[in-house]
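Remarks on the overall topology
These are the residues of each chain, in order.
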Amino acid sequence: MAQGHVAPPLDEQISALIQDVLGSESLEQAFVGFIVYSPENEKLKEASRIEAIKFFFSTLPLEAYDSAIRIWVNQIYKQRNSKKIEILFDMLTLLVEQNLAPSKTICEALLQSDNLECKKVTFWCQTFRVIRKVIGGVDYKGCRDLLRVILDKSQEITLAGYSEFKKQADVLYDVVSYILDRNVCLLPSYFAVNEITKVMSDDKSWPTWKLGQLLSEFVQSFRPTAQMVTLTGRAQLLPIVGHSSSNGNVWKMSPMTLRFPLSGPLPYDRELYEPQTFVLRHVMEQPYSREMVCHILNLNKQTKQRCIVLEEQLIDLVVLAMERSENGNNAAVNHLLWQHLSSQLIFFVLFQFASFPHMVHSLYDKLKGRNLTKGRNHLMWVLLQFISGSIQKNPLSDFLPVLKLYDLLYPEKASLSIPDINQSSCIHNMAVTCLWMHLLKKAQSDQSKLLRPVPQALKGHMEYLRKEHLNSRNLPMTDYRIALLCNAYSTNTDMFTLPISLIMEKLTGSQQSTTLLPGKILASAPTKPLDMNFLDSLTVHTKMSLVHSIVTRVIRYASSKSSIGLAPALVETYSRLLVYNEIESLGIKGFISQVFPNVVKSCAWGILHTLLEMFSYRLHHIQPHYRIQLLTHLHTLSHIPQTNHSQLILCVENTALRLIMGLGSSEVQPQLSRLLSESKSSPLLTGDCEELNRALVLILARAMHVTGSQTLSSSWYKELLSAIMQHTPHGWSSHTLGCFPPVLSEFFHQNPITRDDKIVLQRNVEAEHRKWKSMQQMNDVEVLVNHFTVQQGTPLLFLCVLFRCLYEDGDISHNAYKVLDRLGPRSLSAHLRVFADFLVQEFANLPNPQVINRCAELVNDMIWKYNIIQLDKLVLALALRNLEGKEAYVCFFVIQLILKNNEFKMRVNDFVDNNSPEHWLQSNWHTKHIQFHMKYPEKYYYEGLKDSTAQQTHQYLPIYFGNVCLRFVPVFDIVIHRFLEVVTVVSSFLEVLLDNIGKLYKFHDRPITYLYNTLHYYEKKLQDKPQVKRKLVSTIIGAQRNVKPSNWALTEAYQTYLERSSDDLNWVPDQQYYIKLIKRLVDTMEGQGPFPHFDWRFNEFPNAPAHALHVTCIELMALPINSATIGNNLLSIILESTSEIPRDKIYLWMNAIGLVLTALPENYWRVLNDKILDTLKSNVLAEAAVPSTNFKPFQAFNFKSSQQVYGETYCSYVLALVHAVWYHASIGQLNIIPQFVKEHVKPVVCQEKQFIFLCHLVGPFLQRFNTERTKCLMELTIELYEMLANIDKHCQYLEHMDPIADLLYHIKYMFVGDSVKKDIEKIIERLRPALQVRLRYIAYQGKDEAKTPTDQ
């Protein structure tokens, strides 16, 4: 082209070039009959074309290449001569061969042409012929993109038109089969299957049979990979609500489809694509499950979102309840189910997760034609619960669908009979009438009509209620008529005021009528609370109104500073109302966030004391965030000077101790770390009470041990411990640190605290005692009091001085009262800790038993005679002192002497023998409470030291529930734990204590949980102490013998063991024992357990499965045999005793064993690792594979398919059992898997079968590691590559390279990405060529992208 001339457009240049290339062809066509062809001429023409094209593209700017190729392709479609078309397509191939154009550009231009249609046979075939030739030069990501386009194009060739387009289909098939060829490996097969599953989804037509078969077979080739990452029996494994790992991510499902989340484009089993209604239904049927349901479905209370699948399950549960009612079996259990459904319905509809009108319509459709009428009254009661509370805030139209249900379930024309108003069933029988009355009232309020009259069947009920309302002032509370009136008229203010006021009058009485509380305090007279049957008979709306009235009265009382205490009936009834989840906002939430702050603001310390007693002794199943919130409230009280009140501080500290000790192991880390992150200044810790902060450390240690989180490196607990050390610096004895998780023990070793010199302490006490005696002689009381209270730097020795006075003089001067009064209870707590150390030193140096007994009597005199010290505070301080060796032994000895004292033993015996912990069933608690306090009055203000002529200057606070016995229960928990730390030395002391006051566990609010935590945490300490374990179990569970039936916790076999003589410990249960034990848990989870009926609202556990799991674990941990034997026997149930397990319930049994093993200490389930290693070393897996072998690992390891045809293997049983156990494990327990694989598994694995078995083991847990513990995932991935290199070196044949490679690509693209690239690329370089080809894109270098893969 001449310089200075403007270049023609690119399309014209391309046209000219094509004309030049095809010019000779046109001439030859004109003289086709006269031209003689020769090979030499053809080669010259070919060379001429090549030169022309090479010259053109070599002078073309790089940025114009794409456009030039597209123009070239468009020009091809303008040709009509097949020879010319073929030449032009060949020229495109030439461009690639001569490195004039990238393969990807050529392929994209061909495929993206608008002219490419399957009807144009020549063009279509030539296009895919060229692509087949050049696609080898496209990088793997480009191949993926091209495959996507090709698959889209394949949709044009339909099955119906296959015969017409067979040629086009064949050439397309050749290209796709080449791309998918695993030996060619143009791209990771994982990319290809991803594109196939996207393009060939269910909503698109499948391609022709030939290509369809190719794609289907290719997708199916990923079945082994899907199997390796699939949890065996996942759809059959069930959680337990309230158990430690039940809120983990493993149970999450899609709120739209109710499916488990599945990673990657793998062809999983069909059951995993189906809605998991079995799992969700199981969860929803369990009481207190609503939080877990929200967690599973990822429902947020702050975000209003309707969840249709949840709605459907609620409806199905209602239908199930109707069916059970129709069958008439176990009325008590059915009643609980209806009660639970009512709570679930209110919660999920209230937060708009379910639509009430839609639910009613769907329920009508499911009940229509089934004639289920026996449960109709229960159903109407459930609907009434919601409607009465929400009808005022929503349009009437939302509730009218209920009328369809009425027509279906109540076909009667005659009036329904009036039920017996003395039976609680009358509430359900008249629920439908009450419901109609609310609808009528709503219509009246909206000035609209129902468009239908009141049914004749209900007119009799309505007339009865109207007449009873007229006579309501004369109605007694002994039947259910007032409850009926409240339920019927709760939305009618004019009619509702009277019956609800009658209930309040019953609870509050009048100011003129009073009763006496301990401490000679007057309170309003009513003492009999509303019983639970009556409260259960009230609708939620009525309960909310009643709670509102009570709260209003309490706050008004607090602000008025009335000298008359709240009525015991009111307090007890308020406590009972707080157990109802349905009224949480006004109930426990209002208690914590409204009532408590208002009472503190009003300085109503008497009512505050009452609220704390309620929380300590009456409330159950309080959510952890509420308990933590109350704990922070309690710690803020120390900043209020008026709260420096002996009785109040005693109650506050005991309540705080209960809150701390009551934290569940799975609750500690989430709650405490949340509080620390939300506010650095949040008063989680106290600066006044070292014992409370020590208790928090103990609970932290227990939680880390039980949940396995001690294996996790985290900074949150260090932050917490540092804050504790700033508030109350302290250390721990070596025997306590020896029980701590290593990370906690290490912290306290790194932050030591200097211990006080005991010799200096004794010397100072003697000096202060001499000053006391000399000042007594001076008769200057003010100087004496100032010396021991005001003087700066005064040692905290006053209690020690008083003890010395008793020891030497036999009495204490009245002046001591003035000192103690001036010091105040907060300061005295610091004196008490010094006194505890002093006591240990004193007793350690006493010469003989007579003196020891005398000193013990003196200490008890300080408690019971002089009322200087409270028993629970002194024992707690002693139990938590940092003492070693002989001092620790003496400390425990002193504790034993104090607790053996007759004063305390009499109180314990009297209280336990004459009272029941089932307070919700009692109406006479107050009477017995007063009788006990009259017999054993409690003194808080050093009354034993006061001059008999002195006036009472301290005001006692009202006591409704508590006493020294109940206050001591959480202290006793700590005492037992401290004794167990040195159980070898003090086992006799412990036995004496359990014999003397162990019966107090009758009133423990969580006896099973405490026993479970004790046996779990001190498992290593107790492993060779079967007599101690048996004593603990017999004492704590035996304390309930007069309250609960014999089968409430332990099996008959274990009860027989308990009845043996104390030295008869030789019991080795046979395999049948373990089978029956697990069967009990399986039956319980199926709703058919042998346990007696409980009202779970007042039980320590939220449901029967949680109770069954914990008592099962307790029994196993308390067996007189080692943990490994027990663990092996549990595994043998599945591995050796399957003939005794119904085949259709095998997953439920594995599930139960998984739950039990993961709830036991590590030594019990560590035996599972031995089973894994034994399986890997077995001949089946460890022998070298040969091509002719019949062993097919993927078939052998598929438990589901093999079990269905009775072809399961030992390997598959081990695999399924491991999955069940690890599925229920906490992330802390799973955290040790990489270490186990590295140290124990890797040296064993040298065969391909072993490696595949290992991939089946860990594959299903990669997703969880990715979510919760990424570091473990990285470590595990590297170990897999190293083991692959090992088997590659040892195995001559590798039959399953493709599934292994697919799994490794799955791990890369779903989880680790390039994070381990540097670690694995060197490993891949050492593998055999065939494996290198398959894995080359895992450690792919960008500079190699243009290279053509070599066929292997």
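Residues numbered from 1 in each chain as written. Predicted model: local features only at pLDDT ≥ 70, side-chain atom pairs only at ≥ 80, totals over all residues. Heavy atoms only, no water.

**A closer look at the overall build of the chain**
Put simply, the rule is: For helices the rule is a DSSP run of H or I covering at least 4 residues; for strands it is a run of E covering at least 2, with both sets numbered from the N terminus onward. Throughout, a residue-residue contact means that at least one pair of heavy atoms, one from each residue, lies within 4.5 Å. What sets the accessible areas is the Shrake-Rupley method with a 1.4 Å probe; for residues, cover comes only from the shown protein chains. His is not counted, nor are the chain ends, whereas Lys and Arg count as positive and Asp and Glu as negative. Charge positions come from single atoms, namely NZ of Lys, CZ of Arg, CG of Asp or CD of Glu.
Tallying secondary structure elements over the chain gives 69 helices and two strands in all. Seen along its three principal axes, the alpha-carbon backbone of the chain occupies a region of about 150 × 85 × 75 Å. Considering only residue pairs separated by 6 or more positions, the chain has 79% of its internal contacts joining residues 24 or more positions apart. Accessible area for the chain stands at about 54600 Å²; split by element, carbon and sulfur atoms hold 50% of it. Here the chain carries 136 positive and 130 negative side-chain charges, and the mean point of each set is 4 Å from the other.

**Here's the deal with the state of the cysteines**
This is how it is decided: Disulfide assignment relies on a single distance test, namely cysteine sulfur atoms paired within 2.5 Å.
Using the criterion set out here, one finds zero disulfides in the structure. Free of any disulfide, C307 has its nearest cysteine sulfur in C294, 9.4 Å distant.

**Notes on the packing of aromatic side chains**
For any pair of aromatic rings, geometry is given as the distance between the ring centres together with the angle between the planes. Quick reminder of the rule: In this scheme Phe, Tyr and Trp rings, the latter by its six-membered ring, pair at centre separations within 6.5 Å, and the angle between planes marks the pair as stacked below 30 degrees, edge-to-face above 60, and tilted otherwise. Buried means the residue's accessible area, taken with a 1.4 Å probe over protein chains only, is under 20% of the maximum for its type, while exposed means over 50%, and partly exposed covers the values in between. Only when the NZ of Lys or the CZ of Arg is both within 6 Å of the ring centre and within 35 degrees of the ring normal is a charge said to sit over the ring.
According to the stated counting rule, one finds 64 aromatic pairs in the structure shown. For the pair W920 and F1098, a centre-to-centre distance of 4.7 Å together with 5° between the ring planes defines the contact as stacked. Pair noted here: W920 is in the loop between α44 (902-914) and α45 (925-935) and F1098 is in the loop between α52 (1071-1085) and α53 (1104-1117), with a separation of 178 residues, a long-range link. This pair shows no difference in class: W920 is buried, exactly as F1098 is. Clustering of aromatic rings is evident, with ring pairs tying together Y140, Y190, F191, Y1305, Y1309 and Y1337. Over the face of the ring belonging to Y178 we find R132, whose NZ or CZ atom lies 3.6 Å from the ring centre.

**Re the environment of S445**
Here S445 lies in helix α21 (residues 431-445). In this structure the C-alpha to C-alpha distance between S445 and Q302, which are 143 residues apart in sequence, comes to 30 Å.

**What about the nonpolar core?**
Operational definition: Throughout, nonpolar core names a set of buried Ala, Val, Leu, Ile, Met, Phe, Trp, Tyr and Cys residues whose side chains join them through atoms within 4.5 Å.
In terms of nonpolar packing, the biggest core is built from 523 residues, with F57, L92, L546, F835, F843 and W1222 touching the most fellow members. Here this core gets 14 residues from one element, more than from any other, and that element is helix α40 (residues 815-844). Those residues in contact with L92, other than ones at most four positions away along the chain, are I69, W72, V73, I76, I106, L110 and V130.

**Focus on the pattern of salt bridges**
Basically, it comes down to this: Any carboxyl oxygen of Asp or Glu that lies within 4 Å of a side-chain nitrogen of Lys or Arg is treated as forming a salt bridge with it.
Using the criterion set out here, one finds 60 salt bridges in the structure. With a closest N to O distance of 4.0 Å, D1298 and R182 form a salt bridge. Here R182 lies in the loop between α8 (166-180) and α9 (189-199) and D1298 lies in helix α67 (residues 1297-1312), a separation of 1116 residues in the sequence. The partly exposed category is assigned to D1298, whose relative accessible area is 21%. Using a relative accessible area of 14% as the deciding quantity, one classes R182 as buried. For E768, the salt bridge identified is with K771, shortest N-O distance 3.5 Å. Within this pair, E768 and its partner K771 are both found in helix α37 (residues 758-778), separated by three residues, close to a single helical turn. On the basis of relative accessible area, E768 is assigned to the buried category, the value being 6%.

**Notes on the pairing of strand β1 (residues 514-517)**
As a reminder of what qualifies: For two strands to be treated as a pair, DSSP must find at least two bridges joining them.
In β1, alternate side chains face the same way, and those of T515 and L517 are buried while those of T514 and L516 on the opposite face are not. Relative to strand β2 (residues 521-524), β1 is paired through four bridges, and the arrangement is antiparallel. Pairing of L516 across the sheet is with L522, part of β2. Here β1 hands over to β2 after three residues, with G519 in that stretch at a positive phi of 85°.

**Re helix α64 (residues 1248-1258)**
Owing to its 3.6 residues per turn, the α-helix brings residues three or four apart onto one side. Counting buried positions over the 11 residues of α64 gives 11, a clear majority of the element. Along α64, the residues classified as buried are E1248, K1249, Q1250, F1251, I1252, F1253, L1254, C1255, H1256, L1257 and V1258.

**Describing the side chain of T542**
Relative to the helices and strands, T542 resides in helix α26 (residues 540-560). Under the relative-accessibility criterion, T542 is labelled buried at 0%. The contacts of T542, once residues within four sequence positions are left out, are C486, N487, S490, F496 and I500.

**Describing the packing of helix α48 (residues 1007-1017) against helix α50 (residues 1026-1038)**
To be explicit about the condition: What counts as an axis is a line fitted to C-alpha atoms, over the stretch in contact for a helix, and the angles between N-to-C directions run from 0 to 180 degrees. For classification, angles of less than 35 degrees are called roughly parallel, those exceeding 145 degrees roughly antiparallel, those between 65 and 115 degrees roughly perpendicular, and all remaining angles oblique. Polarity classes work like this: nonpolar for Ala, Val, Leu, Ile, Met, Phe, Trp, Tyr, Cys and Pro, charged for Asp, Glu, Lys and Arg, and polar for all others, with Gly in that last group.
Interhelical geometry of α48 versus α50 gives an angle of 170° and a closest axis separation of 10 Å. Overall, the two elements α48 and α50 adopt an arrangement that is roughly antiparallel. Within the contact between the two elements, α48 uses P1007, I1008, Y1010, L1011, T1014 and L1015 and α50 uses K1029, L1032, V1033, I1036 and I1037. Looking at side-chain class alone, the contact of α48 with α50 contains nine nonpolar, one polar and one charged residues.

**Details of the environment of V432**
With respect to the helices, strands and loops of the structure, V432 is situated in helix α21. With residues near it in sequence (within four places) discarded, V432 still touches M380, Y406, Y410 and L458.

**Thoughts on helix α31 (residues 646-661)**
Where we set the bar: By this rule, a helix spans an expected 1.5 Å times one less than how many residues it contains.
For α31, spanning 16 residues, the distance from its first C-alpha to its last is 22 Å, which sits close to the expected 22 Å at 1.5 Å a residue. Of all 16 residues that make up α31, 16 are buried, and the element is covered over most of its length.

**Topic: unusual backbone geometry**
A positive phi angle, near 50°, is found at K561, a position not held by glycine. Inspection of the secondary structure puts K561 in the loop between α26 and α27 (568-577). Notably, Y942 is not glycine yet its phi reads approximately 55°, a positive angle.

**Points about the environment of E164**
Summarising the element assignment, E164 is placed in the loop between α7 (140-154) and α8. A relative accessible area of 59% means that E164 is categorised as exposed. Once the C-alpha coordinates of E164 and V432 are considered, the two residues, 268 residues apart in sequence, prove to be 69 Å apart.

**Regarding the confidence of the model for the chain**
The condition that has to hold: Known as pLDDT, the predictor's confidence for each residue is given on a scale from 0 to 100.
On average, the chain scores 89 in pLDDT, and the residues at 70 or more come to 94%. Predicted confidence for residues 1343-1352 stays below pLDDT 50, and this span has 20 contacts to residues more than four positions away or in other chains.

**Things to note about the packing of α37 against helix α39 (residues 798-809)**
Between α37 and α39, whose axes approach to 9 Å, the crossing angle comes to 70°. Taken together, α37 and α39 sit at an angle that is classed as roughly perpendicular. Contacts between α37 and α39 pair V765, E766, E768, H769, W772 and K773 from the former with F798, C800, V801, R804, C805, E808 and D809 from the latter. Looking at the contact of α37 with α39, its residues break down into six nonpolar, one polar and six charged.

**Some points on the side chain of S1123**
With respect to the helices and strands, S1123 occurs in helix α54 (residues 1123-1135). For S1123, a relative accessible area of 12% translates into the label buried. S1123 has contacts with E1019, N1163 and Y1164, leaving out every residue within four places of it along the chain.

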